[in-house]
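So the chains spell out like this:
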Amino acid sequence: MKENNHIERPPVVVVVGHIDHGKSTLLDFIRQTEVTASEAGGITQHVSAYEIIHQTKAGAKKKITFIDTPGHEAFCTMRQTCSRIADVAILVVSAEDGVKAQTEEAIRVIRENKIPFVVAINKIDKENSNAQKTRQDLAEKNVLVEDYGGNVPVAEISAKTGQGVAELLDLVLLVAELEDLKTAPNSRATGLVLEAHMNQKVGNIATLIIKNGTLTNGDHLVIGDQTFRIKRLNNFLGEQIKEASASAPVEIYGLGKLPEVGACFFAFADKKEAESFLKDQKITPKLIRVAHIANTIPQAEGEIKQVIIPIGIKTDVLGTLSAIEREVKKLSTPLVHLEIITKGVGKISENDVRLVSSGQDAIIIGFNVTPDSSAKDLAEKFGITIQTFDIIYKLSEWLTTEIKKRTPKVTVEEVLGKIKVLKIFSVNRDKQVLGGTVLSGSMILGKQFRVIRRDSVLSRGKVLELETQKIKVKEVAKDKMFGALVESKIGVAIGDVLEIFDLVEK
Ligand code: GDP
């Protein structure tokens, strides 16, 4: 058996900050200049992460993985406890605009998740840039950069011209070094799902970020409540590989179903091991599949059936995400439960649609974000409602109306009258001719009744014919006597009370 020594692994880096402050420009610049020439030429990267090899000022060549989706939920600690995706964050702040709402939001989340970070003061090539003012802005938010009385590393950059970007990457590696990121290369891999989608030709595909160990093609994986064998392993460029080491973004084929973004994966050499691990985990499936929701749900006595509507929430920033989540949770009713299946920051994607696609009744709510065109198409195909908002109360109003529309009609029995059975004239199987008097309300032709004997309900029946003084009538009022032909499985006896009722939809 090989020794399982721990060795250093590359950092996984996420870029965060206010919109338009240059996150995408920075990610593009790094990709174009630092992904090695042979890889960059010809082949286009097709997953939302890439790997670079950066040569530091001191001459060392070091790998870094970048998550290539600004504002991606990769930023957050993932749902299960295995790890979080990002090891280091780059907080991009425009030297032109200084600290803005989403900068503050990013600072809050960085702190909450205890992610080490460096500050990139961007757009310093611009005439009206003011890096000092940006430092001051940051200090006001308790982010004290190194040359402003604190210890947060900072680089002044231009994502457009590339000025300062190499120094920024040096800083990222420095911070990562302090974190002492390690992997045990001889262990089976563990990590997280970065994204997942369905491909018409090859089926379900997931992008994973390995956080420890080595992932080998053919490994058996456990993700959520499924276990499967990797049919093909690709690097981030889509090239087939045999194995991948920690921090690498990889693409895998072979999933039985789409996994949840953010779920942990665990690799095993054989199927049995994977299956027994899954059993031990006792993972309850997160996705609730709801069968088609009927309009009328028959309510058995004392029982309430609840409609479950799968909900997806996407917002521009994490702060609004939690506010909207709270709002949505408040709106559930005893008959309609809003089940949040997926939530996150960023555009509404195809994957979001798939995650909620448990029936025609799913809803995806966007707040200050829009769906991309493939998400729209897929939602249309699945009959899923996507609705976007920029004001919370409008969202609540709309959702309340939707809930009303989707509330199943409850059928209740409304009592119309009570009669007392005084005489039984004849019995023919389940049909009887009886005489009685109306105690309250009225006795009505064609209606149903409950047979009550000594305070308990014995049976149900229906009024088939009704007459008073040998004349056929439709209704007999209180205190009047009548004769009736009724149908009831259990024979009605003298002294029984019949409760006449109607079924009303509410
Ligand atoms: P994001 O929303 O944070 O991803 O911002 P983008 O990367 O899309 O950048 C927003 C705008 O700022 C784009 O028009 C960029 O070309 C521009 N931009 C980004 N970085 C720089 C920079 O360093 N200098 C200049 N002059 N423009 C920049």
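Residues numbered from 1 in each chain as written. Predicted model: local features only at pLDDT ≥ 70, side-chain atom pairs only at ≥ 80, totals over all residues. Heavy atoms only, no water.

Visitor: Just checking my understanding: could you explain the overall build of the protein for this structure?
Guide: Of the regular secondary structure elements, the protein holds 10 helices and 31 strands. A total of 506 residues make up the protein; the buried ones form 49% of that total. Summarising the internal contacts of the protein: among those between residues at least 6 apart in sequence, 70% fall at separations of at least 24. Counting only carbon and sulfur atoms, one obtains 50% of the accessible surface of the protein, whose full area is about 24,900 Å². (Helix = DSSP H or I, 4+ residues; strand = E, 2+ residues; numbered from the N terminus. Buried < 20%, exposed > 50% of the residue type's maximum accessible area, 1.4 Å probe, protein only. Contact = heavy atoms within 4.5 Å. Areas by Shrake-Rupley, 256 points an atom, 1.4 Å probe, with all protein chains shown as cover.)

Visitor: Help me out: how do you make sense of the pattern of salt bridges in this one?
Guide: Close approach of charged atoms lets side chains of opposite charge pair. Tallied over the entire structure, the rule returns 27 salt bridges. In this structure, Arg 31 and Asp 28 form a salt bridge, with 3.2 Å as the shortest nitrogen-oxygen distance. With Arg 31 and Asp 28 both in helix H1 (residues 23–34) and 3 residues apart, the pair spans about one turn of that helix. With a shortest N-O distance of 3.1 Å, Lys 133 and Asp 137 are connected by a salt bridge. In this pair, Lys 133 and Asp 137 are both assigned in helix H4 (residues 131–140), 4 residues apart and thus about one turn of the helix distant. The exposure class of Lys 133 is partly exposed, given its relative accessible area of 39%. Overall, Asp 137 belongs to the buried group, its relative accessible area being 9%. (Salt bridge = Lys/Arg side-chain N within 4 Å of Asp/Glu carboxyl O.)

Visitor: I would appreciate a short explanation of the site of the ligand in the present structure.
Guide: The immediate surroundings of the ligand are formed by 15 residues, with Asp 20, Lys 23, Ser 24, Thr 25 and Asp 125 found nearest. Contact distances for the ligand include 3.0 Å between an oxygen atom and a backbone N or O atom of Gly 22. In the model, an oxygen atom of the ligand is placed 3.1 Å from a nitrogen or oxygen of the Lys 123 side chain. Within the complex, the protein chains bury 76% of what would otherwise be the 570 Å² of accessible surface of the ligand. With 3 residues, H1 is the single largest residue contributor to the shell around the ligand. Partitioned by chemical class, the residues of the shell around the ligand number 2 nonpolar, 7 polar and 6 charged. (Near = heavy atom within 4 Å. Polar contact = N/O pair within 3.5 Å; in protein donor to acceptor, adjacent residues only side chain to side chain. Nonpolar A, V, L, I, M, F, W, Y, C, P; charged D, E, K, R; others polar.)

Visitor: Before we go on, may I ask you to explain the side chain of Asp 352 in this structure?
Guide: Counting through the fold element by element, Asp 352 comes out in helix H8 (residues 350–356). Under the relative-accessibility criterion, Asp 352 is labelled buried at 4%. Separated by 2.7 Å, the side chains of Asp 352 and Lys 314 make a polar contact. Once residues lying within four places of it in the same chain are set aside, the contact partners of Asp 352 are Lys 314, Thr 342, Lys 347 and Ile 364.

Visitor: Teacher, can you tell me more about helix H9 (residues 373–382) here?
Guide: Three or four residues apart is the spacing at which side chains of an α-helix point the same way, because the helix has 3.6 residues per turn. Listed in full, the buried residues belonging to H9 are Ala 375, Leu 378 and Ala 379. Angular distribution of buried residues about the axis of H9 spans 105°; they occupy a single face of the element. Turned more than 90 degrees away from the buried face of H9 sit Ser 373, Asp 377, Glu 380 and Lys 381, all of them exposed. For H9, the secondary structure elements touched by its buried residues are H8 and strand S22 (385–389). (Arc of directions from axis to C-beta.)

Visitor: Explanation requested: the pairing of strand S9 (residues 190–199) in the structure shown.
Guide: Moving residue by residue along a regular strand, the side chains alternate between the two faces of the sheet. Here S9 runs beside strand S10 (residues 203–212); their pairing, made up of 9 bridges, is antiparallel. Each bridged residue has a counterpart across the sheet, and for Gly 191 the counterpart in S10 is Ile 210. Taking the residues that link successive antiparallel strands as the turn, the S9-S10 hairpin has 3 residues. Relative to strand S17 (residues 264–268), S9 runs antiparallel, the two sharing 3 bridges. Within S17, the position partnered with Leu 192 by the bridge is Cys 264. (Pairing = 2+ DSSP bridges.)

Visitor: Please clarify how the sheet that holds strand S5 (residues 88–94) should be interpreted in this entry.
Guide: Adjacent strands of a sheet form backbone hydrogen bonds with each other and so pair up, either parallel or antiparallel. Strand order in the open sheet formed by 6 strands is S3-S4-S2-S5-S6-S7, with mixed pairing between adjacent strands. Two strands bound the open sheet, and with one partner strand each, they are strand S3 (49–55) and strand S7 (154–156). Geometrically, the sheet is characterised by an average inter-axis angle of 30° between neighbouring strands, direction not taken into account. Pairing between S3 and strand S4 (residues 61–67): 7 bridges, direction antiparallel. Paired with Gln 55 across the strands is Lys 61, a residue of S4. The strands touched by H1 within the sheet are strand S2 (12–17), S3, S4 and S5, with S3 carrying the most contacts at an inclination of about 60°. (Axes fitted to C-alpha atoms, helices over the stretch in contact; angles between N-to-C directions.)

Visitor: Help me understand the packing of helix H7 (residues 318–331) against helix H10 (residues 392–406) in this model?
Guide: Helix packing geometry: the angle between the two helix axes and the distance between the axes. It is at 10 Å that the axes of H7 and H10 come closest, and there the two elements cross at 30°. When the interaxial angle is binned, H7 and H10 end up roughly parallel. For H7 against H10, the interelement crossing comes out right-handed. Between H7 and H10, the residues in contact are Ala 323, Ile 324, Glu 327, Val 328 and Leu 331 and Ile 392, Leu 395, Ser 396, Leu 399, Thr 400 and Ile 403, respectively. Among the residues making up the contact of H7 with H10, the classes are represented as 8 nonpolar, 2 polar and 1 charged. (Parallel < 35°, antiparallel > 145°, perpendicular 65-115°, else oblique. Left-handed = near helix turned anticlockwise from the far one by under 90°.)

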